[in-house]
Amino acid sequence: MSELVLLDVSDGIALVTLNRPDKLNALNFAVLTELKAAFAAIAADPAVRAVVLRGAGEKAFVAGADIAELAALSPIQARDFSRHGQQMMRGIEMLGKPVVAMIRGYALGGGMELAMCCHLRIAADNAKVGQPEINLGVLPGFGGTQRLIRLAGQGAALELCLLGAPIGAQRAYELGLLTRVVPAAELEETTFALAAQLAASAPQALRGILEAVLVGGECGIEAGLDYETQAFAVCTSTNDMREGTRAFLERRKPVFRGD
Ligand code: COA
């Protein structure tokens, strides 16, 4: 992995760090490419059962797409930049393993879009999130308009995108954009405790939940229920489900090995 994106795997958890703190981890084309590569490596590594995504430094998760790069794009390059970001983020969303965004400081523009493609978002109480693209004369281009609607509804999506003002962590939590808000000093501990819980859970069941919610949830109810049934049935063929049910009956903690 390059210097722009760091990847460390330990105890079943992959820690992905966007490493451009001098530019508040702004997303340029190279960062998008490195992130895509990091998540491809994670997808291929069965030892990874949960992911934490964070920005380096104290000031920002990610302060958005790289405005210097954005300013010089032709319409065709802008289309490619948007598609590149969208595909990378959709890849994170569809990873099949849970991804937790750990948000300290700013998560703006592409940073908020990146956080929204993660499955859980844990933020420090000093975090500021939003879609300020309108202030640059542009709109979100990495899926923000679509994921905002799905997470927080049309009203919040329009407010955040049309007005462009960042909001605090508490308001974002109330809108359904954040999973938890914790004191800044407790951010790492809370995030890694949740990641450890996910890494110890049955991977096939986690995958089934992600697929039923993220894919099934986009279809009509009949097709969505079908997704759920398929995922449910697949779990019954795993040793993990045998272990989970047996452990319950034997009144002990299950050990899910991922098979
Ligand atoms: N793209 C490129 N560079 C960025 C950036 C971005 N989205 N956000 C911050 N930076 C750079 C700054 O240019 C500055 O670089 P420099 O030190 O070489 O001049 C550095 O990161 C630190 O940012 P700075 O603006 O000095 O920090 P601040 O604490 O005064 O303000 C923000 C922080 C987040 C309020 C401010 O940086 C900002 O508004 N960023 C843009 C947010 C945005 O519009 N995002 C959507 C982009 S589509």
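See the structure printed just above.
Fair warning: this is a prediction, and the values are worked out from it, not measured in the lab.

### Quick look at the packing of helix H8 (residues 203-214) against helix H9 (residues 221-235)
So, point 1. Their axes nearest at 9 Å, the elements H8 and H9 cross at an angle of 175°. With respect to each other, H8 and H9 are oriented roughly antiparallel. Counting all contacts with H8, which are made through Gln204, Ala205, Gly208, Glu211 and Ala212, the residues of H9 involved are Tyr227, Glu228, Ala231, Val234 and Cys235.
So, point 2. Class assignment for the residues of the contact of H8 with H9 results in six nonpolar, two polar and two charged.

### Examining the pattern of salt bridges
Once their charged atoms are close, side chains differing in charge can pair, the charge on each being opposite to the other.
So, point 1. Inspection of the entire model under this criterion finds nine salt bridges.
So, point 2. A salt bridge links Arg79 to Asp80, with the nearest nitrogen and oxygen atoms 3.3 Å apart.
So, point 3. What makes Asp80 partly exposed here is its relative accessible area of 35%.
So, point 4. The partner of Glu93 in a salt bridge is Arg147, with the nearest N and O atoms 2.7 Å apart. Of this pair, Glu93 sits in helix H3 (residues 75-93) while Arg147 sits in helix H5 (residues 144-163); the two residues are 54 residues apart in sequence, bridging distant segments of the chain. Pair check on accessibility: Glu93 and Arg147 agree, each one buried.
So, point 5. The network of salt bridges with common partners includes Arg90, Glu93 and Arg147.

Rules used in this analysis
- Residues numbered from 1 in each chain as written.
- Predicted model: local features only at pLDDT ≥ 70, side-chain atom pairs only at ≥ 80, totals over all residues.
- Heavy atoms only, no water.
- Axes fitted to C-alpha atoms, helices over the stretch in contact; angles between N-to-C directions.
- Helix = DSSP H or I, 4+ residues; strand = E, 2+ residues; numbered from the N terminus.
- Parallel < 35°, antiparallel > 145°, perpendicular 65-115°, else oblique.
- Contact = heavy atoms within 4.5 Å.
- Nonpolar A, V, L, I, M, F, W, Y, C, P; charged D, E, K, R; others polar.
- Salt bridge = Lys/Arg side-chain N within 4 Å of Asp/Glu carboxyl O.
- Buried < 20%, exposed > 50% of the residue type's maximum accessible area, 1.4 Å probe, protein only.

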